[in-house]
There are 2 protein chains.
Amino acid sequence: MRAESVPEPTLRRLPSYYHYLVRLREKGQEMISAAQIGEDLGVHHTQVRKDLAVTGSQGKPKVGHRVEDLIVSIENFLNWNNVTDAFLVGAGHLGTALLGYAGFERAGVKIVAAFDASAKMVGKKIQGVSVLPMEKFPDLARRMHIGIGILTVPAEVAQEVAEMMVGCGVQAIWNFAPIVLDLPDEVIVENVALYSSIGVLSRKLSVHRKSLLATATPPNS
Amino acid sequence: MRAESVPEPTLRRLPSYYHYLVRLREKGQEMISAAQIGEDLGVHHTQVRKDLAVTGSQGKPKVGHRVEDLIVSIENFLNWNNVTDAFLVGAGHLGTALLGYAGFERAGVKIVAAFDASAKMVGKKIQGVSVLPMEKFPDLARRMHIGIGILTVPAEVAQEVAEMMVGCGVQAIWNFAPIVLDLPDEVIVENVALYSSIGVLSRKLSVHRKSLLATATPPNS
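Quantities reported herein were computed from a predicted structural model and do not represent experimental measurements.

What to know about the pairing of strand E6 (residues 129–133) of chain A
Residue and element names in this part refer to chain A.
- Pairing geometry for strand E4 (residues 109–116) and E6, over three bridges, is parallel. In the sheet register, Asp 116 faces E6, and the bridge partner there is Pro 133.
- Here strand E5 (residues 125–126) runs beside E6; their pairing, made up of two bridges, is antiparallel. Considered in E6, the bridge of Lys 125 is made with Ser 130.
- Connecting E5 to the antiparallel partner E6 that follows it, the hairpin turn spans two residues, and Gln 127 within it adopts a positive phi of roughly 50°.

Listed below in structure tokens is the structure:
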């Protein structure tokens, strides 16, 4: 199967499988069935089989897959054995939080430097990553051929910073700012709407509670 | 407009507007137009007007909205002036990161305690929030009427922990575990697929780079 023709939902599930398989390996488990993966991750087993098939991994009937083989197949398919260096811009709460999250390197992304417009942040080290002044971004990004920019700046400067990143050769942006970026089509953008997500959860809960109150009839009425 | 009939995309944009407006207020700006909001956040201005209309806020032609009024309208509409207490389960890297992110309280959610199965984590304080043993969850959640559970545990225990939460009265789950939770319909679930998102970004970038190489023809061929 050609790499580009893999369905997006499959692409989104493979990282979950990988994450899960790595934990199985850590526990010393050697074999796993598609059925078990499906049950543990809430995906139908036929879908798990289809998803794993794109990586070229062959399970054996009744025995399943070797955990190690599956890990290598997914790693190769996702091209995660080539770690890509990333620059993060915006070392506020969220940026700091992301710097502290070790899981990204497994997904082929390594944050090698952070940048911030505030003099208060510049010069700090967060989880071993230096916070540099914004002015250093262009020169360093070009010299280091940085492919990924992580955007954790406030909404009103996000577009401008994203354009600056792209102008310095960044090809993919992981956007946490709550705006829709307007960038050339060839730029890869992944949006994570953390703030909207918790806001919507909170709002839905309040609507849910109000409807519970509205439908609660006193026992004697 | 009835609260329940608001389109989901509007619901997802309102937190972004709010976040943006609060920052304008911090800078001392008093008035704002829908056109300017649209431009800064990458949303068409007619859509911004429709979105703001659901909150009941009335702008004036040519003058726009008072920033303070808009903030209050959105706050009231989203019911964010009632902060809901949340428990977080899984104080690993991601859980710790979320505890460090101050933005949630503005969205009406306050993380009041964290829980972890590991004895190494229990007893710690992260950003002023205590990490308690899992056994304490049921009793505390019931006594404190906890409405929101934040799930930052590994995939293979996420379903089990989510069921435990729901059994203790939790009505809404913010799920960061890379699985599809199977829960009763009345439970509100918001999924944030952080790990898939960065994985997909990394994968798309590698495909993009390969295609650049494939189409790069030497000048003399």
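The rest of the description comes next.
Focus: the interface of chain B and chain A
- Taken residue by residue, the interface counts 68 residues in chain B and 68 residues in chain A.
- Each partner contributes to the roughly 6,500 Å² buried at the junction of chain B and chain A, and carbon and sulfur atoms together form 64% of this total.
- For the interface between chain B and chain A, the tally reads six salt bridges.
- Measuring nitrogen to oxygen at the nearest pair gives 3.4 Å for the salt bridge that ties Lys204(B) to Glu8(A).
- Linking chain B with chain A are 16 residue pairs in polar contact (both at pLDDT 80 or more), by the criterion used here.
- For the side of chain B that touches chain A, the elements supplying multiple residues, two or more each, are helix H1 (8–26), helix H2 (34–41), helix H4 (67–78), helix H5 (93–99), helix H7 (155–167), strand E8 (172–175), strand E9 (188–191) and helix H8 (194–215) of chain B.
- Top contributing element to the side of chain B that touches chain A by residue count: H8(B), with 18 residues.
- For the side of chain B that touches chain A, the residue count by class is 36 nonpolar, 18 polar and 14 charged.

Thoughts on the side chain of Ser73(B)
- Counting through the fold element by element, Ser73(B) comes out in helix H4.
- Those residues in contact with Ser73(B), other than ones at most four positions away along the chain, are Thr55(B) and Ser57(B).

Brief notes about the sheet that holds strand E8 (residues 172–175) of chain A
All names here are of chain A.
- Across the sheet, seven strands lie side by side as E5-E6-E4-E3-E7-E8-E9; this open sheet has mixed pairing. The open sheet has two free edges, formed respectively by E5 and strand E9 (188–191), since each of these has just one partner strand.
- Alignment of strand E3 (residues 84–89) against E4, held across six bridges, turns out to be parallel. From the neighbouring strand, Thr 84 faces E4, where its bridge partner is Val 109.
- Packing against the sheet, helix H6 (residues 137–144) makes contact with E3, E4 and E6, and its axis sits at approximately 170° to E3.
- Taken strand by strand, helix H7 (residues 155–167) contacts E3, strand E7 (148–151) and E8, and its axis lies near 170° from that of E7.

Criteria and cut-off values
Residues numbered from 1 in each chain as written. Chains lettered and ligands numbered in written order. Predicted model: local features only at pLDDT ≥ 70, side-chain atom pairs only at ≥ 80, totals over all residues. Heavy atoms only, no water. Pairing = 2+ DSSP bridges. Helix = DSSP H or I, 4+ residues; strand = E, 2+ residues; numbered from the N terminus. Contact = heavy atoms within 4.5 Å. Buried area = accessible area lost by both parts, 1.4 Å probe. Salt bridge = Lys/Arg side-chain N within 4 Å of Asp/Glu carboxyl O. Polar contact = N/O pair within 3.5 Å; in protein donor to acceptor, adjacent residues only side chain to side chain. Nonpolar A, V, L, I, M, F, W, Y, C, P; charged D, E, K, R; others polar. Axes fitted to C-alpha atoms, helices over the stretch in contact; angles between N-to-C directions.

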